[in-house]
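What follows is the residue order along each chain.
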Amino acid sequence: MLSEKRLPGWVWEVAAALILLAWRISWHPLPGLWNDWIVLLSLYWIFTACARRSRAWPAVTFLAMLLLFLIYAARQVPMTMDLLRSVL
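Conventions used here
- Residues numbered from 1 in each chain as written.
- Predicted model: local features only at pLDDT ≥ 70, side-chain atom pairs only at ≥ 80, totals over all residues.
- Heavy atoms only, no water.
- Helix = DSSP H or I, 4+ residues; strand = E, 2+ residues; numbered from the N terminus.
- Buried < 20%, exposed > 50% of the residue type's maximum accessible area, 1.4 Å probe, protein only.
- Polar contact = N/O pair within 3.5 Å; in protein donor to acceptor, adjacent residues only side chain to side chain.
- Expected span 1.5 Å × (residues − 1).
- Contact = heavy atoms within 4.5 Å.
- Core = buried A, V, L, I, M, F, W, Y, C linked by side-chain atoms within 4.5 Å.

> Is there a simple way to explain the side chain of Thr48 in this structure?
Note on placement: Thr48 falls in helix α2 (residues 37-50). For Thr48, a relative accessible area of 13% translates into the label buried. Within the structure, Thr48 has its side chain in polar contact with the backbone oxygen of Trp45 (distance 2.8 Å).

> What exactly am I supposed to notice about helix α3 (residues 57-87) here?
Along an α-helix, residues three or four apart share an orientation, since each turn contains 3.6 residues. The end-to-end C-alpha distance of α3, which contains 31 residues, comes to 44 Å, matching closely the 45 Å that a straight helix rising 1.5 Å per residue would cover. All of the buried residues along α3 are Ala64, Ile71 and Ala73. In this structure, the buried residues of α3 make contact with α2.

> For this particular structure, what's the right way to read the nonpolar core?
Note on soluble globular proteins: their nonpolar side chains tend to be buried together. Membership of the largest hydrophobic core is limited to five residues, which are Ala17, Leu21, Leu33, Val39 and Ile46. Every element with two or more residues in this core is listed here: α1 (9-27) and α2. In this view, Leu33 contacts Arg24, Ile25, His28 and Val39; residues no more than four positions away in its chain are not counted.

These figures come from the coordinates and say nothing about function on their own.
Here it is, written out as structure tokens:
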């Protein structure tokens, strides 16, 4: 019979984030993972699940959002410039 003790919610969150992270690592080359937004969000998810009351929360959130913006901008700006050059 199964034990009546249930795992805390944060354990399930970390497990889900680790599964997502493992899936992403298995499908993408390792050198390109540093600029993958799913990897970044998975790591942030693990941090939020484990360090709920951390004083580093604002700094880590700012860093994660800044990195997401830079990943987006690095891919979007060249496409936008190409489009503008073709229209003008």
